[in-house]
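# Summary of the model geometry
Spelled out, the chains give:
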Amino acid sequence: MAKGLQDFSWTMLLLFCAIQELGAWAMHTAVEGPGLGQPGDPALLAGGRVKRGWVWNQFFVVEEYTGTEPLYVGKIHSDSDEGDGSIKYTISGEGAGTIFLIDEITGDIHATERLDREQKTFYTLRAQARDRQTDQLLEPESEFIIKVQDINDSEPRFLEGPYIGSVAELSPIGTSVMQVMASDADDPTYGSSARVVYSVLEGEQHFTVDSKTGVIRTAVADLDRETQDRYEVVIRATDMAGQLGGLSGSTTVTIVVTDVNDNPPRFPQKMYQFSIVETAPVGTAIGRVKAEDSDVGENTDMTYQVKDEEGVEMFKVTTDSNTQEAVITVQKPLDYESKKVHTVVVEALNKFVDPRFVDLGTFRDQTIVRVSVLDVDEPPEFRPPSNLMEVQEDAHIGSVVGVVTALDPDTVNHPVRYAIDRSTDAERIFDIDANTGAIVTGKVLDRETAGWHNITVLAMEADNTAAVHTQRMGFNRQEQDVYLLPILVVDSGPPALSSTGTLTIRVCGCDSNGAIQSCNSTAYVVSATLSPGALIALLVCVLILVVLVLLILTLKRHHKSHMTSEDDEDMRDNVIKYNDEGGGEQDTEAYDMSALRSLYDFSEIKGGDGGGGPGEGGPSGNPASELHALPQWVQSPDLDFSVFRDYICKKVEQADEDLSVPPYDSFQTYAFEGSDSPVPSLSSINTWSSGSEQDFSYLGGWGPRFRQLAALYTGRRGEEDSEES
């Protein structure tokens, strides 16, 4: 359809040029030439009459002409031309002689090349009319223009692509996104070839485009970045004002949906659990929690805070600016014995809230954090932590000065044992009862010598442990490497209960520095020598291995000698099939073996001797009768087959006794013919009779296998008879 419209435009343009040329020709014949009658011009005639010259109008030539003949552009003509060919027309300027040719006689101008208005819109030329004989100008040289007429041969192009725009999510309908523009290389002053309109090819569900300006706007109000963050919109530009037959071009516009703070923070869990030891110092981080926000950028910035009063007193929540996590830390010392579990309510809220979306709901969320305090075995505590005691200087040794008290703060409440730090009482002036904490004097006191004594009392948990000490030196592993020490354990309850155990103490080898090297006494003894039982067992194993090796070698040698001795007599072979005609005695498949076996049936042979004539016992009779027809056949009635029977029995016996033979039956052939053969030679070389004395007619009855042999012999016989005759 586009080609038909283009041909139609070609026809209309040619018709327009023809009408324009006819109008120019009418004006040329009716109007005097302007500008040619200036004073002093030689063209002025006597009496002031102006000579009629030529009048120029603008010429047009259509672009992209595809015809085979030169395209007619226009005609130049002089009034002095009487049609006798005395005037020669010439042109010069742009394209003269190459693109544009002129007929020197008629003045017709033709375009010889295909023109493109997008490359050059017009050509400026000059025309001359000369006398053909004298080559003098008959008309002044005049300039004219040939304008290239435009056709719609260029489609709109988007020169600034690719296009990328953006629009905020949840923008109202009609929000401007961006503007696209297409340019058309056709002539904007002629027709609608360069008049472009815009439309949406893909993405019209979400966006529209202004057909005249190319401004892209939103078509819906529910663009959600969290659902789809970008759209690919295809915009088409069509010339000819979008009419049928106009050319079009398209471009893809990527529209990115930007984020707004329309999603509140949400904790993935409604409860988190953490644990921390009770001795953790203030400022220790317990754990981290994070609220998820589907927005991006600064819209995900959050602030966390503790909402309940108990949590505010014991814990502190800060925000990690890099990860937007809530960091929960200890604000006051924890005590397992006072409270084992703390419940903290943590709230997350957006730092930047868009007031346009407040009606979507509250932009905050809460979660519960349970903090479990882990018990730690704490040392006893003195109550009060310090004491001031007085004692008379004349107090007797063993007098009670005072009593200190310490308690185990743990839930188990272990019993406490007391001791004096002897670094503060090196002279042992005081002693303390380990169970009651009563401090007594250990020496006589003298106020004038020392009026004050500062001692440090230690309180320790009674962990029911005992220390074992040696009472002598010089333990020897060779003499005794293990000691068994009985232990008696007695508690302090009413009534006192006891238990007895045995402690095994092993003497270990040490170096000069006291470092333990080895505590395995058994390994030390075994490394020096082997027990007699182990040696006997080792020798027995070696002897058994030697006997097995010798037995295997003997069996192999015996088997090898046995096989070597029977190599000459072992005639076993495989049955081989040869597909050759006339296989001989070994051919057991090419013919019926019963015919050969019947050779040794003496009862049938003897019966055949007494048989009648040729009709009964001839070559065409039974197998026994065929034997009589063989040449040089001598039948011996006293054939002895015992040699073969003995040979076969011997071989069977050897096979049965040979242990190396597989335990299954096998077919064996023996190339053994005995001491002599009862059948003499079948050759006629050594016979006394000549060939002429033998009758080979019996060969014809031996079957198809001997047919060719019978033909040779009977034919030879016929030739000899003819020669004799």
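Residue numbers here run from 1 along each chain, matching the order of that chain's written sequence. Whole-chain, interface and lining totals are the exception, using all residues; otherwise, since this is a predicted model, local features are given only for residues with pLDDT of at least 70 and side-chain atom pairs are given and counted only at 80 or more. The basis for the side-chain values is all heavy atoms of the structure; hydrogens and waters are excluded.

### Some words on the overall build of the chain
The line we're drawing: Helix and strand definitions here come from DSSP, where helices need a minimum of 4 consecutive H or I residues and strands a minimum of 2 consecutive E residues; each element is numbered from the N-terminal end. Any residue under 20% of the maximum accessible area for its type is buried, any over 50% is exposed, and the rest in between are partly exposed; the area is computed with a 1.4 Å probe on protein chains only. Residue-level accessible areas treat just the shown protein chains as cover; the underlying method is Shrake-Rupley with a 1.4 Å probe.
Helices and strands together make up the secondary structure of the chain, namely ten helices and 32 strands. Out of the 725 residues belonging to the chain, those deemed buried represent 27%. A total of about 47,600 Å² of accessible surface is found on the chain, and carbon and sulfur atoms cover 54% of it.

### Observations concerning a negative patch on the surface
Our working rule: Each patch is built from residues that are more than 30% exposed by relative accessible area and take part in no salt bridge. Like charges join if they lie within 9 Å; nonpolar side chains (Val, Leu, Ile, Met, Phe, Trp, Tyr) join within 5 Å. The term salt bridge refers to a pairing of a side-chain nitrogen on Lys or Arg with a carboxyl oxygen on Asp or Glu at a separation within 4 Å. Residues counted as positive are Lys and Arg, residues counted as negative are Asp and Glu, and His and the chain ends are not counted. Taken as the charge centre is NZ of Lys, CZ of Arg, CG of Asp or CD of Glu, depending on the residue.
A contiguous patch of negative charge, built from Glu-393, Asp-394, Asp-446 and Glu-448, is present on the exposed surface. Here Glu-393 is to be found in the loop between strand S22 (381-382) and strand S23 (400-403).

### Focus on the packing of aromatic side chains
Note the following rule: Think of it this way: a Phe, Tyr or Trp ring, Trp meaning its six-membered ring, pairs with another when their centres are within 6.5 Å, and the plane angle makes it stacked under 30 degrees, edge-to-face over 60, tilted otherwise.
For the coordinates displayed, the defined rule picks out nine aromatic pairs. Each ring, one from Phe-158 and one from Tyr-198, has its centre 6.3 Å from the other, and the planes form 50°; the classification is tilted. Separated by 40 residues along the polypeptide, Phe-158 in the loop between strand S7 (137-149) and strand S8 (163-168) and Tyr-198 in strand S10 (residues 197-202) bring together distant segments of the chain. Given a relative accessible area of 14%, Phe-158 falls into the buried group. The exposure class assigned to Tyr-198 is buried, which follows from its relative accessible area of 8%.

### A few points about the pattern of salt bridges
Here the structure, examined in full by the defined rule, presents 18 salt bridges. With its nearest N and O atoms 3.2 Å apart, the salt bridge here joins Lys-75 to Asp-108. Taken together, the residues span a long stretch of sequence, with Lys-75 in strand S2 (residues 71-75) and Asp-108 in strand S5 (residues 108-111) at a distance of 33 residues. The class for Lys-75 is partly exposed, based on a relative accessible area of 27%. Lys-339 is the partner of Glu-310 in a salt bridge, and the nearest nitrogen-oxygen pair spans 2.3 Å. One end of the pair, Glu-310, is in helix H2 (residues 309-314); the other, Lys-339, is in the loop between strand S19 (325-330) and strand S20 (341-350), with 29 residues separating them in the sequence. A single salt-bridge network, built from bridges that share partners, covers Arg-225, Glu-226 and Asp-259.

### Examining the environment of His-77
By secondary structure assignment, the location of His-77 is in the loop between S2 and strand S3 (87-93). Spatially, the C-alpha atom of His-77 lies 8.7 Å from that of Asp-108, the residues being 31 residues apart in sequence.

### Some remarks on the sheet that holds S5
Our working definition: Strand pairing follows a simple DSSP-based rule, namely that at least 2 bridges must link the two strands. In this description, a line fitted to the C-alpha atoms serves as the axis of each element, helices being fitted only across the stretch in contact, and the angle between N-to-C directions of two axes falls anywhere from 0 to 180 degrees.
Across the sheet, which stays open at both edges, the three strands sit in the order S2-S5-S4 with antiparallel pairing between neighbours. The open sheet has two edge strands with one neighbour each: S2 and strand S4 (100-102). Sheet twist, expressed as the average angle between the axes of neighbouring strands with direction ignored, equals 30°. By the bridge criterion, three bridges tie S4 to S5 in an arrangement that is antiparallel. Paired with Leu-101 across the bridge in S5 is His-110.

### Digging into a nonpolar patch on the surface
A grouping of Val-468, Leu-485, Ile-487, Val-489, Leu-503 and Ile-505 is seen on the molecular surface, where their side chains present a nonpolar patch of about 430 Å² in accessible area. Counting residues per element, the ones that place at least two in the nonpolar patch are strand S29 (482-490) and strand S30 (498-506). Per element, the largest residue contribution to the nonpolar patch is three residues, and it comes from S29. As for its position among the elements, Leu-503 is in strand S30.

### Examining the nonpolar core
For the record, the criterion: Here, nonpolar core means buried Ala, Val, Leu, Ile, Met, Phe, Trp, Tyr and Cys residues that are tied together by side-chain atoms lying within 4.5 Å of each other. Contact definition: two residues touch when any of their heavy atoms are within 4.5 Å.
Membership of the largest hydrophobic core comes to 25 residues, with the highest contact counts inside it found for Phe-267, Ile-286, Tyr-304, Phe-315, Val-346 and Val-369. Those elements giving two or more residues to this core turn out to be strand S15 (271-277), strand S16 (285-289), strand S17 (302-306), strand S18 (315-320), S19, S20 and strand S21 (364-374). Filtering out sequence-adjacent residues up to four positions away, Phe-267 remains in contact with Tyr-272, Val-289, Lys-290, Ala-291, Tyr-304, Val-346, Ala-348, Asp-365, Gln-366 and Thr-367. In terms of nonpolar packing, the next biggest core, distinct from the first, is built from 23 residues, Ile-76, Ile-102, Ala-129 and Ile-146 among them.

### A short note on the pairing of strand S27 (residues 438-441)
Every second residue of S27 is oriented toward a common face, with Ala-438 and Val-440 on one face and Ile-439 and Thr-441 on the other, all of them buried. By the bridge criterion, three bridges tie S23 to S27 in an arrangement that is antiparallel. From the neighbouring strand, Val-400 faces S27, where its bridge partner is Val-440. Counting the residues that bridge the hairpin from strand S26 (residues 430-432) to S27 gives five residues, and of these Gly-437 lies at a positive phi of roughly 80°.

### Regarding unusual backbone geometry
In this model, Arg-383 is joined to Pro-384 through a cis peptide bond whose omega is -5°. Inspection of the secondary structure assignment puts Pro-384 in the loop between S22 and S23. Despite not being glycine, Leu-170 shows a phi value in the positive range, around 60°. Here Leu-170 shows up in the loop between S8 and strand S9 (176-179). Judged by relative accessible area, Leu-170 falls into the partly exposed class, the value being 32%. We note that Ala-241 has phi near 60°; this positive angle belongs to a residue other than glycine. Its location among the elements puts Ala-241 in the loop between strand S13 (230-238) and strand S14 (248-258).

### Considering the sheet that holds S26
Taking strand neighbours across the sheet as the criterion, the three strands line up as S23-S27-S26 in an open arrangement whose pairing is antiparallel. Both outer strands of the open sheet, S23 and S26, are each paired with one neighbouring strand and no more. Neighbour-to-neighbour, the strand axes of the sheet open up by a mean angle of 25°, direction not taken into account.

### Let's talk about the side chain of Asp-81
Let me state the cut-off plainly: Here a polar contact is recorded for every N or O atom pair within 3.5 Å, except that within protein the pair must consist of a potential hydrogen donor and a potential acceptor, and residues adjacent in sequence are included only if both atoms are side-chain atoms.
Here Asp-81 is to be found in the loop between S2 and S3. For the buried Asp-81, no salt bridge exists, and the shortest N-O distance to an oppositely charged side chain is 6.9 Å, to Lys-75. One polar contact links the side chain of Asp-81 to the main-chain amide nitrogen of Gly-83, over a distance of 2.9 Å. Residues within four places of Asp-81 in sequence aside, it is in contact with Ile-87, Tyr-89 and Ile-105.

### Digging into the side chain of Thr-441
Within the secondary structure layout, Thr-441 lies in strand S27. The exposure class of Thr-441 is buried, given its relative accessible area of 2%. Contact partners of Thr-441, with chain neighbours within four places excluded, come to Val-391, His-396, Ile-397, Gly-398, Ser-399, Val-401, Ile-429 and Phe-430.

### A closer look at the confidence of the model for the chain
Should pLDDT be low for a region, the predicted coordinates there are not to be read in detail. To keep things clear, this is the line we draw: What pLDDT reports is the predictor's confidence in each residue, on a scale of 0 through 100.
Mean pLDDT for the chain: 76, with 72% of residues reaching 70 or above. Contacts for the low-pLDDT stretch residues 1-52, under 50 throughout, to residues beyond four places or in other chains number 58 contacts. Contacts for the low-pLDDT stretch residues 598-635, under 50 throughout, to residues beyond four places or in other chains number 44 contacts.

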